[in-house]
Amino acid sequence: MADKTAKKSWDVKRFFKDQRTLLAIVIVAIVLIVSLINPKFIMVSNIITIFQQISVLGILTMAMSMLLISGGIDLSIGNIMVVSGVVMSVLIGSGVPTFVALLAGLLVGTVCGLINGVIIAKSKCIPLIITLGTSQAFYGIALSVSGGSIMSFKGAFNGLKAKIADIFPVMLLVLLFMTAVAYVLMNYTKFGRRIVAIGGNEKNAFLSGISVTKYKIIIYGIAGLFCAVASIVFCARIDSITSNAGSGYETDALTAAIIGGVTFDGGKGTIGGAFLGCLLMGVIKNAMNILLVPTYIQTIVTGCIIVAAVVLSNINNIRKK
């Protein structure tokens, strides 16, 4: 009987130490506090707005999270998104059917991801530096194709703005679907288990018979595909795209993933936690807008969140010392 009580107590303790539980509590606390100050914050329309605002970031966070868990990182995700969008805009402007342009955008994003994967896996160089370089290359491509001008989609993706039951935007469903895909991929497939193994200890994964090079290339390709889907959602929201539209998304996605418990160490973290981390960032930004917090203060708060996220990701190493 004592053993059962001890086990139950341990389970409860573990539950409240779980990053996802803490994030959920923080999100609820912020919602309650801000709602008391301004009741508009808790309105269904504003809640839907929050999810719309994080729709692009959420998909990119899924890509970043999978890469971090694999032991990698990608600072080019924002510009991969832009390259995909620019290509789709050019094709649509040339009279190509929207569906074909959409497939081309998905292909471009995937290819960009695969390029990152091949270079990183074959050269065995630091992913941070490689993707910093390819980010500039992708930005240059987008700048060359767009000529630095705003590229319109002429309402080609307006279907994603449609609302189901006059409440839920289709783009919200895209976010939830891509999150579900990432969750299933990382938790219920052999591929996901091998990615976690590679992130946890690449040498041991290799010695156990896992083709590290192949899986690294594939996970970067999948991340590129997610970036392309994010591009479609972005273009649907704004109905246009510019060469610098992806600026800052890599930092926000990295921050959201780390807040959600994904670490730089690799092999650690969950997709659910990353999603909650993204949601928390969306709630904080929306709350500051609702409370009319000046833009410069919002920038300071965002910077503090980034620093706090990095410190939290390294908390275990601090404890060991």
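Residues numbered from 1 in each chain as written. Predicted model: local features only at pLDDT ≥ 70, side-chain atom pairs only at ≥ 80, totals over all residues. Heavy atoms only, no water.

Participant: Could you give an account of the overall build of the protein, with specific residues and numbers?
Facilitator: Across its full length, the protein carries 15 helices and four strands. A compact globule built from 321 residues should have a C-alpha radius of gyration of about 20 Å, and the protein, at 20 Å, falls within 12% of that. For the protein, the spread of C-alpha atoms along the principal axes amounts to about 75 × 55 × 35 Å. Evaluated residue by residue, the protein yields a buried proportion of 46% over its 321 residues. (Helix = DSSP H or I, 4+ residues; strand = E, 2+ residues; numbered from the N terminus. Rg over C-alpha atoms; globule rule 2.2 N^0.38 Å. Buried < 20%, exposed > 50% of the residue type's maximum accessible area, 1.4 Å probe, protein only.)

Participant: Any details on the pattern of salt bridges? Residues and values, ideally.
Facilitator: Inspection of the entire model under this criterion finds three salt bridges. The partner of Lys 216 in a salt bridge is Glu 202, and the shortest N-O contact between them spans 3.0 Å. Of this pair, Lys 216 sits in helix 11 (residues 212–238) while Glu 202 sits in helix 10 (residues 202–207), placing them 14 residues apart in sequence. (Salt bridge = Lys/Arg side-chain N within 4 Å of Asp/Glu carboxyl O.)

Participant: How would you explain the nonpolar core if you had to name every residue and give the values?
Facilitator: Core analysis: the biggest nonpolar cluster contains 93 residues, and Ile 59 and Leu 60 have the highest contact counts within it. Per-element tally for this core: the top contributor is helix 11, with 15 residues. Setting aside its immediate chain neighbours within four residues, Ile 59 contacts Val 174, Leu 175, Met 178, Phe 226, Val 229, Ala 230 and Val 233. (Core = buried A, V, L, I, M, F, W, Y, C linked by side-chain atoms within 4.5 Å. Contact = heavy atoms within 4.5 Å.)

Participant: Just give me the short version of the side chain of Asn 116, but keep the residues and values in it.
Facilitator: Here Asn 116 is to be found in helix 6 (residues 98–123). Taking relative accessible area as the criterion, Asn 116 reaches 0% and is therefore assigned buried. Within the structure, the side chain of Asn 116 is placed 2.8 Å from the side chain of Thr 134, a separation counted as a polar contact. Setting aside its immediate chain neighbours within four residues, Asn 116 contacts Asp 74, Ser 76, Ile 80, Thr 131, Thr 134, Phe 138 and Tyr 220. (Polar contact = N/O pair within 3.5 Å; in protein donor to acceptor, adjacent residues only side chain to side chain.)

Participant: How would you explain helix 4 (residues 55–69) if you had to name every residue and give the values?
Facilitator: For helix 4, spanning 15 residues, the distance from its first C-alpha to its last is 21 Å, which sits close to the expected 21 Å at 1.5 Å a residue. Extensive coverage of helix 4 is indicated by the burial of 15 of its 15 residues. The positive-phi residue at the C-terminal boundary of helix 4 is Gly 71, with phi of around 95°. (Expected span 1.5 Å × (residues − 1).)

Participant: Could you give an account of the environment of Leu 172, naming the residues involved and the relevant values?
Facilitator: Here Leu 172 is to be found in helix 8 (residues 170–187). Classification of Leu 172 as buried rests on a relative accessible area of 6%. In this structure, the C-alpha to C-alpha distance between Leu 172 and Gly 140, residues 32 residues apart in sequence, is 31 Å. Leave out the neighbours within four places in its chain, and Leu 172 touches Ile 48 and Phe 51.

Participant: Tell me about the packing of aromatic side chains, and please be specific about residues and values.
Facilitator: According to the stated counting rule, one finds four aromatic pairs in the structure shown. On the basis of an interplanar angle of 85° and a centroid distance of 6.4 Å, the ring pair of Phe 234 and Tyr 249 is categorised as edge-to-face. In this pair, Phe 234 is assigned in helix 11 and Tyr 249 in helix 12 (residues 249–259), connecting sequence segments 15 residues apart. (Phe/Tyr/Trp six-rings, centres within 6.5 Å; stacked < 30°, edge-to-face > 60°.)

Participant: Give a description of helix 7 (residues 127–146) that names residues and reports values.
Facilitator: Helix length check: helix 7 (20 residues) gives 28 Å between terminal C-alpha atoms against 28 Å at 1.5 Å per residue, within 8%. Taken together, the buried positions of helix 7 are Pro 127, Ile 130, Thr 131, Thr 134, Ser 135, Phe 138, Ala 142 and Ser 146. Buried residues in helix 7, looked at end-on, bunch into an arc of 140°, giving them a common side. Opposite the packed face of helix 7, turned more than 90 degrees from it, sit the exposed residues Ile 129, Gln 136 and Ser 144. On its buried face, helix 7 sits against helix 5 (77–93), helix 6, strand 1 (151–152) and helix 11. Just downstream of helix 7, Gly 147 is the residue with a positive phi angle, here 70°. (Arc of directions from axis to C-beta.)

Participant: Outline a nonpolar patch on the surface, listing residues and values.
Facilitator: Together, Val 44, Ile 164, Ile 167, Phe 168, Leu 173 and Leu 176 line one region of the surface with nonpolar side chains, adding up to about 500 Å² of accessible area. As for its placement among the helices and strands, Leu 173 is situated in helix 8. (Patch = residues over 30% accessible without salt bridge, like charges linked within 9 Å, V, L, I, M, F, W, Y side chains within 5 Å. Areas by Shrake-Rupley, 256 points an atom, 1.4 Å probe, with all protein chains shown as cover.)

Participant: Give a description of unusual backbone geometry that names residues and reports values.
Facilitator: Even without being glycine, Lys 154 reaches a positive phi, approximately 50°. Its identity is not glycine, yet Leu 292 carries a phi of approximately 60°, on the positive side. The residue Leu 292 is located in the loop between helix 13 (271–290) and helix 14 (295–313) in this model. You can call Leu 292 exposed: its relative accessible area is 72%.

Geometry only, nothing functional implied.
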